[in-house]
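Topology and contacts: notes
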Amino acid sequence: MTQLTNVNVARNEEELDLGAMLGTLVDNRWLIIAITGLFLACSLAYALLATPIYQADAMVQVEQKVPELPGISALSQTLGASNSQATTEIALITSRTVIGKAVDDLKLDISVAPSHFPMIGAGIARRYGLAHPGELASPVLGLDRYDWGGAKIDLKQIDVRDDLLGKTLTLIAGDNGDYTLQDNHGDLLLQGTVGQVATGHGVTLLVATLKANPGMRFDVRRERALTTINNLQQAIQATEKGKDSGIIALSYQNASPRMAAALLDRVSEWYVHQNVDWNAAEAANSLKFVQEQLPKVRVDLDKAQAALNAFQIQARSVDITMQTKALLDQSVAIEANIQQLRMQQADIERRFTPQHPAYKALMQQIGQLEGQKSKMDKQVDDLPDTQQELLKLTRDVEVSNQTYTGLLNQAQQLDIARAGKVGNVHVVDNAQVDVTSPVKPKKAMVVFGGTFLGAFLAFGIVFVRQMLNRGVEEPSVIEQLGLPVYASVPVSPTENQIALTERARGDGRHHLLAISAPADLATEAMRSLRTSLHFARMEAKNNMLMISGSSPEAGKTFVSANLAAVMAQAGQRVLLIDGDMRKGSLHKVMGGKPTDGLSELISGQIELSKAIRPLPALENLHYIARGKVPPNPSELLMNPRFNEVIQQLLPLYDLVLVDTPPILAVTDASIIGHMAGTSLLVIRFGLNQAREIALARQRFAQNGVEIKGAIFNAVERRSSGYYSYGYYEYKTAH
């Protein structure tokens, strides 16, 4: 049974926690809606006004290269090389050489952009240009320095000195095609006219066309070529479509679809042109090497043929047996491969060091073939002497003949490759841009993401604020500290309106909620507090009630004044004293001046009859203001004169209520508390923390003052919590 109870309690606590979280969101719904709405509006504005970014796409194909020398394919397989050259070609496409030539062709190191009004100007100008093509918008609100749509400029040339490279210069349009150019500090560099070359301060400028309102500004920038190339290398994306496919997809994003397509076309063209040149140069070098080897191989072939003929004449036309023929074929194949690899070795030695993997792989393959040749020689040694000699001479002739024939064929292929200007890469698709579908911004995603981010941020703010705000929000927390809660006073919108007119206080009129709004929930709570105090004061030593707080802004003056009012409305004679001689504001609530109050009364400057003031609106309510701020309030309260004044007042009233300063700020409340028969502590909803309340109670206890209970003030309505069921509005029917 106990286990079941514990489970139910734990389950109820979880439900309460979930309900509290949901209640917190409901209570802060307007804050959440406001933040989410703000992010939604910003997202919509960005989606509508942001400059669209377009993507150009192109495609090139990389074909397998024709082997330069006989046997090169076998070497590639030995090295584990892929049939696709795409990996290497991707690096070549985005090389500085290729992109640099495209930059020179398109003058991409020169950027000119009209100045737009911050945040929204670019979107307004773009929309005007779409709606009124070819027209120039008039300045909005006289802001002629900005482009509002239709402005154009064609900058054919700009040369600047080194210290101005990468700096933003300002071109200001004038009348009749005139313009001025300023540096980044606003100093004049030159003045010019459209269509004419202008020079000044190390800057040369040629503006071909200029369409702008007088006074409009353009941002002109000449970048360093290397900086522009590096930026484009990062911006151009080159990827292989499928493994070892040899198909490379190129993409580039830019606000201008025309520029995006033009750049990819230039890059593709220069890449193909460079590939042709490289292949032609490589073929020429290989052809030269092959042509150098042909005479040597021809000499070797002639010598081998002559030696074979001489032996056959000497041996009188000896024929090769079937066994020798089989060995001959194997030996020729091995020797031919060795000869081909030796020629490759001579070519590779010109390009690589002996430590290069290609060179090592080649030597490893030659070593394997040499081993096979040694085994074959052992088999040849078992043949008769005549057959051995005939086999060796025949083998030399056939190997030399195959090598010579292969070199002749390769020379023809290389000569064709050199003269044909044909590379192994081709443009499959020229650059194209879908102008109807910009890649950025993704409007739906921007709006959805911005709204979601706003809602997430709003939830985070609400929960973080709730976590950081450790103020008491439940009467049960106060009661756990050992203080009974005599009343919970709901927050009053009417009182908030009165507080907003605080500057009007002191106008001679009272500002009491209990009189101005007798049906207000806070006033009803004061009546409930009056009932609770009736029983709490039965055993008190006198009819003096002290109301204090742990910290400022708890609302003790509000509670004191309105409690005194409802007491007086019940027929009791009540005297309200402002015991806060430092910052007391009771005179503002009651409608009067702070002078001629408690400080003057204790110091003997005025008589008791002059200090006590009536409240015309309530016959049974009188009050004493704080008086002039004394230099030593605590010492003044410890003066015997204060005790004498209190003793004179107690018999004259049914209740003497003293509003005191917060106990954690000064010690005045503990001095007054010694004289009071009943002492209460005002705790403000969401402001005073549990540790603060415990410390205030401890401070009173250390000074011998017993706090009878607490008044929970300014309780706010919550979707879940005490106020959600603690008070209901119950108005009189009309």
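Going by the structure above, here's the rest.
Per chain, residue numbering runs from 1 following the sequence as it is written. Per-residue local features are limited, in this predicted model, to residues with pLDDT of at least 70; the limit for side-chain atom pairs, both in listing and counting, is 80 or more; totals at the level of whole chains, interfaces and linings are taken over all residues. Based on all heavy atoms of the structure, the side-chain values leave hydrogens and waters out of the count.

Moving on: the overall build of the chain. Elements are defined by DSSP. Helices are runs of H or I of four residues or more, strands are runs of E of two residues or more, and each kind is numbered from the N terminus. Of the regular secondary structure elements, the chain holds 25 helices and 20 strands. Here's how the labels work: a residue is buried when its accessible area is under 20% of the maximum for its type, exposed when over 50%, partly exposed in between, all with a 1.4 Å probe on protein chains only. Taken across its 734 residues, the chain has 43% of its residues classed as buried. Throughout, a contact is declared for two residues whenever any of their heavy atoms are within 4.5 Å. The long-range share in the chain, meaning contacts at least 24 apart out of those at least 6 apart in sequence, stands at 79%. In the structure as shown, the chain presents an accessible area of about 38,800 Å², 53% of it carried by carbon and sulfur atoms. Note on areas: Shrake-Rupley with a 1.4 Å probe; residue coverage comes only from the protein chains shown.

What follows is about the pairing of strand β13 (residues 485–490). Among the six residues that make up β13, six are buried, leaving the element largely enclosed by the rest of the structure. Between any two strands, pairing holds if DSSP finds at least two bridges. Looking at chain direction, β13 and strand β20 (residues 709–715) are connected through four bridges and run parallel. By the bridge assignment, Val485 is partnered in β20 with Ala710.

This part is about the sheet that holds strand β12 (residues 425–433). Spatially, four strands are ordered β10-β11-β1-β12 in an open sheet, and the strand pairing comes out antiparallel. The sheet terminates laterally at β10 (237–240) and β12, the two strands that pair on one side only. In this sheet, neighbouring strand axes are inclined to one another by 20 degrees on average, regardless of whether the strands run parallel or antiparallel. Bridge count for strand β1 (residues 54–62) against β12 is six bridges, and the pairing is antiparallel. Bridge pairing links Val60 to Val427 in β12. The axes are straight lines fitted to the C-alpha atoms, using for helices just the contacting stretch, and the angles between their N-to-C directions are given from 0 to 180°.

Pairing of β10 with strand β11 (residues 247–254), which is carried by four bridges, proceeds in the antiparallel orientation. Looking at the pairing, Gln237 lines up with Ser251 of β11. Counting the residues that bridge the hairpin from β10 to β11 gives six residues, and of these Gly242 lies at a positive phi of roughly 90 degrees.

Bringing the nonpolar core into the picture now. For this analysis, a nonpolar core means a set of buried residues of the types Ala, Val, Leu, Ile, Met, Phe, Trp, Tyr and Cys, connected via side-chain atoms within 4.5 Å. Within the largest apolar cluster, 44 residues are counted, with the highest numbers of intra-cluster contacts made by Ile478, Ile577, Ile624 and Leu649. Aside from chain neighbours lying at most four places away, what touches Ile577 is Leu586, Leu598, Ile624, Ile646, Leu649, Val656, Leu657, Val658 and Asp659. Formed by 40 residues, the second largest nonpolar core is a distinct cluster that contains Ile547, Ala561, Ala565 and Met590.

Judged by pairing direction, the sheet is antiparallel, and its five strands sit side by side in the order β2-β9-β4-β5-β6 without closing on themselves. The open sheet is flanked by β2 (110–114) and β6 (188–193), the only strands paired with a single partner. Looking at each pair of strands side by side, their axes are set apart by 25 degrees on average, direction ignored. Two strands pair when backbone bridges link them, and strand β4 (residues 168–173) and strand β9 (residues 217–222) are joined in this way by five bridges, in the antiparallel orientation. Note on β9: the bridge partner recorded for Leu171 is Phe218.

Residue position: Asp147 is located in the loop between α6 (121–131) and β3 (152–159). Two residue types count as positive, namely Lys and Arg, and two as negative, namely Asp and Glu; His and chain ends fall outside the count. Salt-bridge detection follows one rule: a side-chain nitrogen of Lys or Arg within 4 Å of a carboxyl oxygen of Asp or Glu. For the buried Asp147, no salt bridge is present, and the opposite-charge side chain at shortest range is Lys211, 9.7 Å distant. A polar atom in the side chain of Asp147 sits 3.2 Å from the side chain of His116. For Asp147, the side chain forms a polar contact with the main-chain nitrogen of Gly149, separated by 2.8 Å. For Asp147, the residues in contact, after removing those within four places along its chain, are Pro114, Ser115, His116, Gly121, Ala125 and Met216. Polar contact is the term for a pair of N or O atoms within 3.5 Å; when the atoms are in protein, one must be able to donate a hydrogen and the other to accept it, and sequence-neighboring residues count only if both atoms are side-chain atoms.

The pairing test for Phe, Tyr and Trp rings, Trp by its six-membered ring, is centres within 6.5 Å, and the orientation test on the planes gives stacked under 30 degrees, edge-to-face over 60, and tilted for anything in between. Summed over all chains, the structure comprises five aromatic pairs. The interplanar angle of 85 degrees and the centroid separation of 6.4 Å between the aromatic rings of Tyr146 and Trp148 together place this pair among those described as edge-to-face. For the residue pair Tyr146 and Trp148, the accessibility class agrees, reading buried in each case. On the basis of an interplanar angle of 50 degrees and a centroid distance of 5.9 Å, the ring pair of Phe685 and Phe712 is categorised as tilted. One end of the pair, Phe685, is in the loop between β19 (678–684) and α24 (690–702); the other, Phe712, is in strand β20, and 27 residues separate them in sequence. For the residue pair Phe685 and Phe712, the accessibility class agrees, reading buried in each case. Taken together, the aromatic side chains of Phe117, Tyr146 and Trp148 make up a single cluster linked through ring pairs.

In this section: helix α12 (residues 443–468). To estimate the expected span of a helix, count its residues, drop one, and scale the result by 1.5 Å. The end-to-end C-alpha distance of α12, which contains 26 residues, comes to 37 Å, matching closely the 38 Å that a straight helix rising 1.5 Å per residue would cover. Along α12, the residues that are buried comprise Val447, Gly450, Gly454, Ala455, Ala458 and Val462.

Take the packing of helix α5 (residues 96–106) against helix α7 (residues 225–235) next. Helix-helix packing is characterised by the crossing angle of the two axes and by the distance between the axes. With their axes 10 Å apart at the nearest point, α5 and α7 run at an angle of 115 degrees to one another. Judged by the inter-axis angle, α5 sits roughly perpendicular to α7. Here α5 and α7 pass one another in a crossing that is right-handed. Between α5, through Arg96, Ile99, Gly100 and Val103, and α7, the contact on the second element is made entirely by Leu226, Thr228, Ile229, Leu232 and Gln233. Residue polarity follows a fixed list, in which Ala, Val, Leu, Ile, Met, Phe, Trp, Tyr, Cys and Pro are nonpolar, Asp, Glu, Lys and Arg are charged, and the others, Gly among them, are polar. A breakdown of the residues in the contact of α5 with α7 according to their chemical character gives five nonpolar, three polar and one charged. Here roughly perpendicular refers to angles of 65 to 115 degrees, roughly parallel to angles under 35, roughly antiparallel to angles over 145, and oblique to all remaining angles. Each crossing gets its handedness from the near helix: less than a right angle anticlockwise from the far helix is left-handed, clockwise is right-handed.

This brings us to a nonpolar patch on the surface. In this analysis, a patch consists of residues with relative accessible area above 30% that form no salt bridge, clustered at 9 Å for like charges and at 5 Å for the nonpolar side chains Val, Leu, Ile, Met, Phe, Trp and Tyr. The grouping of Phe448, Phe452, Leu453 and Phe456 at the surface amounts to a nonpolar patch, some 510 Å² of accessible area in total. Along the polypeptide, Phe452 turns up in helix α12. Judged by relative accessible area, which is 54%, Phe452 ranks as exposed.

Here we take up the packing of helix α2 (residues 29–49) against α12. Closest axis-to-axis distance for the α2/α12 pair is 8 Å, and the angle between their directions is 155 degrees. The angle between α2 and α12 falls in the class roughly antiparallel. For the element pair α2 and α12, the recorded crossing hand is right-handed. Looking at side-chain class alone, the contact of α2 with α12 contains 17 nonpolar, five polar and two charged residues.

Glycine aside, residues mostly have negative phi, and peptide bonds are mostly found in the trans state. For the peptide bond that leads from Lys440 to Pro441, omega is -10 degrees, which places it in the cis range. Structurally, the position occupied by Pro441 is in the loop between β12 and α12. Despite not being glycine, Asp596 has its phi angle at roughly 55 degrees, a positive value. Mapped onto the secondary structure, Asp596 falls in the loop between α18 (586–590) and α19 (598–602). Take Asp596: its relative accessible area is 27%, and that puts it in the partly exposed class.

Turning our eyes to something else, we now look at helix α17 (residues 556–569). Helix length check: α17, at 14 residues, gives a terminal C-alpha distance of 20 Å against a target of 20 Å (1.5 Å per residue), a fit within 8%. Burial within α17 is extensive, with 13 of its 14 residues counted as buried. Backbone geometry just after α17 places Gly571 at a positive phi near 100 degrees.

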